[in-house]
Amino acid sequence: MAMAEISGEVLGDERGTLLAFIESQRTAVREAVAGLSEEQAASRPSASELSLSGLLKHVAEVELGWLRMAQQRDNEIAAGREDYSEGFRLTGEETVPAVLAFWDGVTEELTAFVADLPSLDETFPLPPAPWFPENGKVSMRWMLLHLIEEFARHAGHADIVRETLDGTKAMG
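Residues numbered from 1 in each chain as written. Predicted model: local features only at pLDDT ≥ 70, side-chain atom pairs only at ≥ 80, totals over all residues. Heavy atoms only, no water.

Visitor: An account of the confidence of the model for the chain is needed here, citing residue identities and associated values.
Guide: In this model, the chain carries an average pLDDT of 90, and 91% of its residues clear a pLDDT of 70 or more. Helix H4 (residues 96-116) holds the highest mean pLDDT among the elements of the chain, 98, whereas helix H1 (residues 14-33) holds the lowest, 95. Low pLDDT (under 50) marks residues 1-5, which in the prediction has one contact with non-local residues, meaning those over four places away or in another chain. (pLDDT = per-residue confidence, 0-100. Helix = DSSP H or I, 4+ residues; strand = E, 2+ residues; numbered from the N terminus. Contact = heavy atoms within 4.5 Å.)

Visitor: I'd like to hear about the pattern of salt bridges, residue by residue, with values.
Guide: This structure, assessed with the given rule, holds 13 salt bridges. For Glu 63, the salt bridge identified is with Arg 26, shortest N-O distance 2.6 Å. Residue Glu 63 is located in helix H3 (residues 52-71), and its partner Arg 26 is located in helix H1; the two are separated by 37 residues in the primary sequence. Note on accessibility: Glu 63 and Arg 26 belong to one class, buried. For Glu 149, the salt bridge goes to Arg 153, with nearest N and O atoms at 3.9 Å. Linking Glu 149 with Arg 153, this pair stays in helix H5 (residues 140-166), spanning four residues, or about one helical turn. Among the residues examined, Glu 149 registers a relative accessible area of 41% and is labelled partly exposed. Through salt bridges with shared partners, a single network forms among Arg 68, Arg 73, Glu 76 and Glu 109. (Salt bridge = Lys/Arg side-chain N within 4 Å of Asp/Glu carboxyl O. Buried < 20%, exposed > 50% of the residue type's maximum accessible area, 1.4 Å probe, protein only.)

Visitor: I'd like a description of the nonpolar core, backed by residues and values.
Guide: Counting 42 residues, the largest nonpolar core has Trp 66, Trp 103, Leu 110, Phe 124, Met 143, Leu 144 and Leu 147 as the members making the most contacts within it. Elements that contribute at least two residues to this core include exactly H1, H3, H4 and H5. Examining the composition of this core, we find that eleven residues originate from one element, H3, more than from any other. (Core = buried A, V, L, I, M, F, W, Y, C linked by side-chain atoms within 4.5 Å.)

Visitor: Help me get a handle on the layout of surface pockets, residues and values and all.
Guide: Of the voids in this model, the largest pocket is the one considered here, and its volume is about 920 Å³. As for the largest pocket, its lining consists of 29 residues, and the residues nearest its centre are Val 62, Gly 65, Met 69, Tyr 84 and Trp 131. Those elements giving two or more residues to the lining of the largest pocket turn out to be H3 and H5. At seven residues, the largest contribution of residues to the lining of the largest pocket is made by H3. Each residue belonging to the lining of the largest pocket can be placed in one class, and the counts come to 16 nonpolar, five polar and eight charged. The space that makes up the second largest pocket amounts to roughly 270 Å³. Looking at the lining of the second largest pocket, the elements that each hand over two or more residues are H1 and H5. (1 Å grid on protein atoms, 1.4 Å probe; cavity = no way out; pocket = protein on both sides within 12 Å on 5 of 7 lines; lining within 4 Å. Points joined across faces, edges and corners; volume = space filled by probe spheres on them. Nonpolar A, V, L, I, M, F, W, Y, C, P; charged D, E, K, R; others polar.)

Next up, the structure:
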């Protein structure tokens, strides 16, 4: 009896499957901001301090941050930021289209990086931080699973903010 193919699974291709799940969650966040004005996307209509444009910026920068850690390179965005909360709101000349374009570039870079890895078992060190174990390291596989977790959490936040904003429901 043949096994039914499940959406997102790339049979026999672990990397492809993980990247498909990441893309599914990216899409959910992107769809939450679709069709909104800059003002609507920046609004905070729920009990949360989160806005859709802020969530969009945050997930794009989180992806870049994990990519740079995996590459063992400096993160050019975080290095210049003094205020942590700036990662959750658009500032200066930032716009939703600009953040989406930035995220597209990060997505392309992450996909190429993952494709070129000899193995998902390769590890990289975690930087010193109160939330990481001392001298901790993780595998590339763990990083990809963590991105799925991170994006899924924020896709859920985005769904709630969007529904509160104008009644638009995810997967509607």
